[in-house]
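Fold and geometry: a report
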Amino acid sequence: MHASLRRVHALRPFSRAMSAAVGKKKVAVLAGDGIGEEVMKEALKVLARTSELFPEVQTTYQHALIGGAAYDVHGVHFPEETRAICAASDAILFGSIGGPVEEQHLPKWKDAEKNALLGMRKAFDLGVNVRPAKVYPALSHASPLRHDLISGGVDMVIVRELLGGIYFGKHSTDGDSAEDVCTYTVEQIKRPLEFAFEAAKSRRKKLTVVDKANVLDTSRLWRRVALEMHKLHPEVQLDFMYVDNAAMQLIKAPSYFDVICTENMFGDILSDAASVLPGSLGLMPSASLGSQIYLYEPSGGSAPDLQGLNVANPAAQILCTAMMLRYSFGAHSAAAAIETAVDAVLDSGIVTKDVARPGQASVSTSAFGDAVVKALKN
């Protein structure tokens, strides 16, 4: 059986998730590049206050280099030293990777994301990506959608299979012909679906499986597995939607969705589309779940143009700590307290520049973190 979580359920066994809440836990902190250091500082500030309020949240941190920051020291983007630190930890709190657009051809930045992110996914079997997308009522003005399209409330979770599908199939080119093969097995499909069914139970009990079953055999296999698994989760309302329709409904009727589960490429596209709904990537945390260790990262990039200006939105990085406390450490109350504090800060009108209304005063990265700490105290 799996741990019952507030929004989404962990893949690891119930006993393991609960035991993680006992004693000090090791967290590998990989701030990375760009604004990573700045937003990570605020997340750790919030975690420090949370540890004071919740005795079960006791963590130790070991910082490690990743991306361009690692290349400067080690000549590679994912050094063995970082891999070892992560492997010895109970969770990975990750920042961002990448440099200026005009420098992407330089060795420091070329393939940095591919080498580091894909390297970590492979090293730690990070097979399921979980990305919540929520439109905060106080920030509805920041959403690119009309108010009437989001007035019903937008709060969804996209569960994406991360290690299969066309990205990992055979790729070949022969003259004027090219081939990319999409392959899935039943076991690969069960993994994200199991998580998605459990997630739906703790939310609105609704799961939408997105596919292209009118064309693809792999999608028909996804449907078969989902229908078989549904027998074990009868309390969840299960429906299916073609990916082209799902892309349209994310824009036309985002309130329809609760939990979405889908394969790798479809999930890549749909989660990026959903990420714009809140109005800023600075509000979007995510988790990549492995068989032994989970990685938590903001959905936004390194934003090198904002580095050092103290204006980046740290909300996503802070919300990553809540996900970590819930999924890796079983500290549900502490996780909920952080999420409630972020909600309270935004509701009070304390916002960073990226989500401020025209003419509305905004606060700095550090001031937003201070506000969340204060909200926790209250």
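Residues numbered from 1 in each chain as written. Predicted model: local features only at pLDDT ≥ 70, side-chain atom pairs only at ≥ 80, totals over all residues. Heavy atoms only, no water.

What follows concerns the overall build of the protein. For the protein, the helix and strand inventory stands at 13 helices and 12 strands. At 20 Å, the protein has a C-alpha radius of gyration in line with the 21 Å of a compact globule built from 378 residues. Each principal axis of the C-alpha atoms in the protein carries an extent, and together these give about 50 × 50 × 45 Å. Counting only residues that meet the buried cut, the protein has 53% of its 378 residues in that class. Pairs at least 24 residues apart make up 76% of the contacts formed inside the protein by residues separated by at least 6 positions. (Helix = DSSP H or I, 4+ residues; strand = E, 2+ residues; numbered from the N terminus. Rg over C-alpha atoms; globule rule 2.2 N^0.38 Å. Buried < 20%, exposed > 50% of the residue type's maximum accessible area, 1.4 Å probe, protein only. Contact = heavy atoms within 4.5 Å.)

Once that is clear, we can look at the sheet that holds strand S8 (residues 206-211). Across the sheet, 10 strands lie side by side as S2-S1-S3-S12-S11-S4-S5-S10-S8-S9; this open sheet has mixed pairing. Only two strands of the sheet have a single partner each, and these edge strands are strand S2 (59-63) and strand S9 (237-242). Pairs of neighbouring strands in the sheet enclose a mean axial angle of 20°, with direction left out of account. Relative to strand S10 (residues 259-262), strand S5 (residues 155-161) runs parallel, the two sharing 4 bridges. The residue bridging Arg 160 from the neighbouring strand is Thr 262, located in S10. Contacts between helix H7 (residues 186-201) and the sheet are confined to strand S4 (128-134), S5, S8, S9, S10 and strand S11 (285-289), with S10 contributing the most and set at about 180° to the helix. The sheet strands contacting helix H9 (residues 243-252) are S5, S8, S9 and S10, and the helix crosses S9 at an angle near 105°. (Pairing = 2+ DSSP bridges. Axes fitted to C-alpha atoms, helices over the stretch in contact; angles between N-to-C directions.)

Between its first and last C-alpha, H7 extends 22 Å over 16 residues, near the 22 Å set by a 1.5 Å rise per residue. What H7 keeps buried is the set Ile 189, Pro 192, Leu 193, Phe 195, Ala 196, Phe 197, Glu 198, Ala 199 and Ala 200. (Expected span 1.5 Å × (residues − 1).)

Now for the environment of Pro 278. With respect to the element layout, Pro 278 can be found in the loop between helix H10 (264-275) and S11. Taking the relative accessible area as the measure of exposure, Pro 278 reaches 0% and is therefore buried. For the pair Pro 278 and Glu 80, spaced 198 residues apart in the sequence, the C-alpha separation amounts to 37 Å. In contact with Pro 278, not counting residues within four places along its chain, are Lys 134, Val 135, Leu 139, Ala 142, Ser 143, Leu 283 and Met 284.

Let us look at the environment of Pro 298. Following the sequence through the fold, Pro 298 ends up in strand S12 (residues 294-298). For Pro 298, a relative accessible area of 11% puts it in the buried group. Considered as a pair, Pro 298 and Gln 317 are 19 residues apart in the sequence and their alpha carbons are 5.4 Å apart.

With the rule as written, the count across this model stands at 4 aromatic pairs. Geometrically, the ring pair formed by Tyr 294 and Tyr 296 is edge-to-face, given 6.5 Å between the ring centres and 65° between the ring planes. Geometrically, the ring pair formed by Tyr 296 and Tyr 327 is tilted, given 6.4 Å between the ring centres and 35° between the ring planes. Here Tyr 296, found in strand S12, pairs with Tyr 327, found in helix H11 (residues 315-327); they are 31 residues apart in sequence, far enough to count as distant. With a relative accessible area of 0%, Tyr 296 lands in the buried category. (Phe/Tyr/Trp six-rings, centres within 6.5 Å; stacked < 30°, edge-to-face > 60°.)

Here we take up the pattern of salt bridges. As enumerated under the stated definition, the model contains 21 salt bridges in all. Among the salt bridges present, the one from Asp 72 reaches Lys 108, with a minimum N-O distance of 2.9 Å. Within this pair, whereas Asp 72 is found in helix H3 (residues 68-74), its partner Lys 108 is found in the loop between strand S3 (91-96) and helix H5 (112-124), the two being separated by 36 residues in sequence. In this structure, the salt-bridge partner of Glu 228 is Arg 224, at a minimum N-O distance of 3.8 Å. Remark: Arg 224 and Glu 228 occur in helix H8 (residues 217-230); sequence separation between them is 4 residues, near one turn of the helix. Since its relative accessible area comes to 41%, Glu 228 is described here as partly exposed. It is possible to trace a salt-bridge network through shared partners that takes in Glu 42, Lys 45 and Asp 370. (Salt bridge = Lys/Arg side-chain N within 4 Å of Asp/Glu carboxyl O.)

A word on unusual backbone geometry. A positive phi angle, close to 60°, is found at Asp 111, a residue other than glycine. Owing to a relative accessible area of 42%, Asp 111 belongs among the partly exposed residues under this scheme. One non-glycine residue, Asn 310, adopts positive backbone phi at about 60°. Considering the arrangement of structural elements, one finds Asn 310 in the loop between S12 and H11. The class for Asn 310 is partly exposed, based on a relative accessible area of 30%.

It is worth spelling out the nonpolar core at this point. Membership of the largest hydrophobic core comes to 68 residues, with the highest contact counts inside it found for Leu 193, Leu 207, Tyr 296 and Leu 325. Top element by residues in this core is H11. It accounts for 9 residues. When neighbours within four sequence positions are excluded, Leu 325 is seen to be in contact with Leu 47, Thr 50, Val 57, Gly 330, Ala 331, Ala 334, Ala 335 and Ile 338. (Core = buried A, V, L, I, M, F, W, Y, C linked by side-chain atoms within 4.5 Å.)

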